[in-house]
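# Coordinates in review
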Amino acid sequence: MPELTRMPKQAADGRYHYWWYQDGQKRHVAGLSQQSCIAAFFKKAADIENGLVDVNPNTPVNVWAKNWLSTYKETKSLTPKSLGMYREKLNGYILPAIGGKPLRLVTELHLQQILNRSTGMSKSHVSKLRLVMREMFGKAYQLGYIKRDIASALELPAATQGERRSLTELEQKAFDRIMVEGQHRGCLFYGLMYHCGLRPGECAALLWRHIDFRNKKITVEQAKESGSTTVKDPKTESGFRVIPIPDDFCAMLQAQQGFPAAHVFTQAGGNPHTDSSLYSMWKSFKRLMDRYMAFDVVEQARRSGTVNRAATILSQLEPEEGKAPVNAVELAKRVLEADDFRPEKFATYRNKLILFAESQQLRSSLVAYDLRHTCCTNWLKAGLDLKTVSYLMGHADIQITANIYAHMDMELVEGAAEKINAFHARRLKQA
């Protein structure tokens, strides 16, 4: 740390000034008095030495992270969603653990321990967390602030691989009911995902000119970028595709047909969808699905005939967050004893929500993207070959379809068994 070699001098502006050299640069402080100027000198000299003014090996990780993010990330054309990912990994995982450490004291062990604390979380999360550490500490190494690239050899801990799933039978019935009613604002949007396998961003960017009603086909040639309102070409050539529209759903779309250059799906005010509006629409749609699923469960209980059977069926219902638990036996009695039974009647009881509550499965795992997955599974059940399904889904590689979407649905397994048995039966007849 440099020493004060002379007293600050008063300048024409009435303030006291002091200049000195530190780390090869000329430095300056000023104050209204000699005492305040001297205090400013010691503070700034200490900050420089600790890396709070110029980045150096003594700079705390949180200071370097802020500099790195503003210099190398915020200046790029990253979407708000991508920038949010960097901030989330930094503020939620990295900085709480090592934010106060000088760069020179951070080791590979520290970073590996941060990763290991995310064991069991999604593969996407741990991969992104490692990416942020590799980029941030890799740049510090390139600039000479640390002597080794301490993040280059980090190993991913055990993680879970999120899987898409098809709608369950109960969810399918609720979805179909909403489609038949046709009243929810998300009907056509989610119907298009379900019937034609479009991605949410592809639906949001779809224009009426992309729909050929005469030939009942949709041309996909653009998509809304996740995290922004920007509409771009598909990320890969395989994203450009033509998809057939089932007859009945095509008629539903045509009934709402607009001008060729207009968006097929918009918010209530007519503006194109944003991530926020899509989230809100799906939340509302899923909640309506849950309401109809609850009604279906009550109808099953009503048909069961006994209190014990009805209570067993009703026990799968869960209370809404903050509400009292469902008393399955008491509810079963009311369901079976009601003379004017209607499922809707049991949605509320004395102003207390009883059935209108998201099931654990619906709340935790069902996402809009699963409608696209259901479409893929249905195409396979219909007998379409994997190559055709891969094209219709817009996958760059048929292996993507095979790995992610074509997991063994039990109906497909049973269908395969029938085909195998039929084959063996023919062989035996020929023998």
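Note: the structure precedes this text.
Described below are features of the structure shown in this document. Keep in mind that what you see is a predicted model, and the values were worked out from it rather than measured. (Residues numbered from 1 in each chain as written. Predicted model: local features only at pLDDT ≥ 70, side-chain atom pairs only at ≥ 80, totals over all residues. Heavy atoms only, no water.)

## Regarding helix H11 (residues 307–314)
The condition that has to hold: Only protein chains enter the area calculation, which uses a 1.4 Å probe; residues under 20% of their type maximum are buried, those over 50% are exposed, and those in between are partly exposed. A helix here means a DSSP run of H or I that spans at least four residues, while a strand means a run of E at least two residues long, and both kinds are numbered starting from the N terminus. The reported arc concerns the directions from the helix axis to the C-beta atoms and nothing else.
Among the residues of H11, Ala310, Ala311, Ile313 and Leu314 are the ones counted as buried. One side of H11 carries all its buried residues, which in axial view fall inside an arc of 160°. Exposed side chains of H11 directed beyond 90 degrees from the buried face belong to Asn308, Arg309 and Thr312.

## Some thoughts on helix H9 (residues 247–254)
Selection rule: Whether two residues are in contact is decided by their heavy atoms: any pair within 4.5 Å suffices.
Of the positions making up H9, those classed as buried are Phe249, Cys250 and Leu253. For H9, the angular spread of the buried residues around the axis is 105°, confining them to a single face. Projecting away from the buried face of H9 at angles above 90 degrees are the exposed residues Asp247 and Asp248. At its buried positions, H9 is contacted by helix H7 (187–196) and strand S4 (211–212).

## A short note on the pattern of salt bridges
Opposite charge on two side chains allows them to pair when their charged atoms are near. Put simply, the test is: Every case where a carboxyl oxygen of Asp or Glu lies within 4 Å of a side-chain nitrogen of Lys or Arg is listed as a salt bridge.
On inspection of all chains with the given rule, the structure shows 13 salt bridges. Note that Lys216 and Asp247 form a salt bridge whose closest N and O atoms lie 3.1 Å from each other. Note that Lys216 is positioned in the loop between S4 and strand S5 (217–220) and Asp247 in helix H9, a separation of 31 residues in sequence. On the basis of relative accessible area, Asp247 is assigned to the exposed category, the value being 52%. Across the pair Lys232 and Glu225 runs a salt bridge whose closest N-O atoms are separated by 3.2 Å. Judged by its relative accessible area of 44%, Lys232 falls in the partly exposed class. Taken together, the salt bridges that share partners define one network made up of Arg199, Glu202 and Arg241.

## Focus on the pairing of strand S8 (residues 241–244)
For clarity, the cut-off: The rule for pairing is simple: two strands pair if DSSP sees at least two bridges between them.
In S8, alternate side chains face the same way, and those of Arg241 and Ile243 are buried while those of Val242 and Pro244 on the opposite face are not. Pairing geometry for S5 and S8, over four bridges, is antiparallel. Directly across from Ile218, in S8, lies its bridge partner Ile243.

## Topic: the packing of helix H2 (residues 61–72) against helix H3 (residues 80–98)
To characterise two packed helices, one gives the angle between the axes of the helices and the distance between these axes. Condition: Angular values range over 0 to 180 degrees, each being the angle between N-to-C directions of two axes fitted as lines to C-alpha atoms, with helices fitted over their stretch in contact. Put simply, angles under 35 degrees are roughly parallel, angles over 145 are roughly antiparallel, angles from 65 to 115 are roughly perpendicular, and the rest are oblique. When the near helix sits turned anticlockwise from the far one by under a right angle, the crossing is termed left-handed; a clockwise turn instead gives a right-handed crossing.
Remark: H2 packs on H3, axes separated minimally by 10 Å, with the N-to-C direction vectors making an angle of 165°. One element, H2, and the other, H3, form an angle in the roughly antiparallel class. Crossing hand, H2 versus H3: right-handed. Residue-level inspection shows Val61, Asn62, Ala65, Trp68 and Leu69 of H2 in contact with H3, the latter providing Tyr86, Arg87, Leu90, Leu95 and Ile98.

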